[in-house]
Amino acid sequence: MINRKLARVFKLAFVLLGLLGPMQAAFAKECLLSHATYREPRSGAVMQFRPLANEPAALTAEVFSLAVPNTGTSLPADITWTNGKNSFPLGTIRHPCTDDDREAGLQDGSGLCRIWQGQVYALTGGGAEQLSSREATPAPKGLLLPDFGVAFTEGADFANANPDGSAWDAFILTGCSDE
């Protein structure tokens, strides 16, 4: 009798574990980049993507905000596609301009200043590859923003809140919003 109950429990556990794999795969496939949340592990910076809604630039593919740890600050950011035969995704993270930023020529057409600008790569199980330009892009496992760590830790917003902190260039997928 105990063996039968134990056998049923193992069978049920086996069935549930069998269902869990496809459920996780379905979640990964259903999460679009426009709903994804990524976190940079060393600094704790969080990228929250949101669907496009009347964005000003015609070539804007994705919009997100970057939450600066320990500050309550959320910086506007986007990914646009360059023009031309060999177009690529160009990410930009901005903050309100200071007088020094304006004098250095960092103010852009949005009235904000660039903290970081560079090509964005999708991190997959096989390495880094170009981010897809399709509107319904599945969220990759991670995002690589080359030189983000240096630019971010030199920025006043982060440096004031985390004087001994540092950041890497890779962000890891941590969630998917329903909105």
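You'll find the structure just up there.
Computed from a prediction, not measured in an experiment: that's the story for all the values here.

K.L.:
When you look at unusual backbone geometry in this model, what are you seeing that I'm missing?
P.N.:
For residues besides glycine, phi is generally negative; the peptide bonds are generally trans as well. Look at asparagine 70: it is not a glycine, yet its phi comes out positive at around 65 degrees. Inspection of the secondary structure puts asparagine 70 in the loop between strand E3 (60-68) and strand E4 (73-81).

K.L.:
Even after reading the chapter, I still don't get the side chain of aspartate 78, so can you show me in this structure?
P.N.:
Its location among the elements puts aspartate 78 in strand E4. Within the structure, the side chain of aspartate 78 is placed 3.0 Å from the side chain of arginine 94, a separation counted as a polar contact.

K.L.:
Please clarify how the environment of tyrosine 38 should be interpreted in this entry.
P.N.:
Relative to the helices and strands, tyrosine 38 is located in strand E1 (residues 36-39). C-alpha of tyrosine 38 to C-alpha of alanine 170: the two residues are 132 residues apart in sequence and 9.3 Å apart in space. In terms of polar contacts, tyrosine 38 uses its side chain to reach the backbone carbonyl oxygen of proline 140, at 2.8 Å.

K.L.:
Would you explain the pairing of strand E7 (residues 121-124) in this entry?
P.N.:
Every other side chain in a regular strand lies on the same face of the sheet, so the side chains alternate between the two faces. Two strands pair when backbone bridges link them, and E7 and strand E8 (residues 127-130) are joined in this way by 4 bridges, in the antiparallel orientation. Looking at E8, one finds that alanine 122 is bridged to glutamate 129. Bridge count for E7 against strand E9 (residues 142-144) is 3 bridges, and the pairing is antiparallel. Its bridge partner being in E9, alanine 122 is matched across the sheet by leucine 143.

K.L.:
I tried to follow the pattern of salt bridges on my own but got confused; where do I start?
P.N.:
As a working rule, side chains carrying opposite charge can pair if their charged atoms are close by. Taken as a whole and assessed by the stated rule, the structure comprises 1 salt bridge. Linking arginine 94 and aspartate 78 is a salt bridge whose minimum nitrogen-to-oxygen distance equals 3.0 Å. Of this pair, arginine 94 sits in strand E5 (residues 89-96) while aspartate 78 is found in strand E4, placing the two residues 16 residues apart along the sequence. By the burial criterion, arginine 94 is buried, and aspartate 78 matches it.

Parameters at a glance
Residues numbered from 1 in each chain as written. Predicted model: local features only at pLDDT ≥ 70, side-chain atom pairs only at ≥ 80, totals over all residues. Heavy atoms only, no water. Helix = DSSP H or I, 4+ residues; strand = E, 2+ residues; numbered from the N terminus. Polar contact = N/O pair within 3.5 Å; in protein donor to acceptor, adjacent residues only side chain to side chain. Pairing = 2+ DSSP bridges. Salt bridge = Lys/Arg side-chain N within 4 Å of Asp/Glu carboxyl O. Buried < 20%, exposed > 50% of the residue type's maximum accessible area, 1.4 Å probe, protein only.

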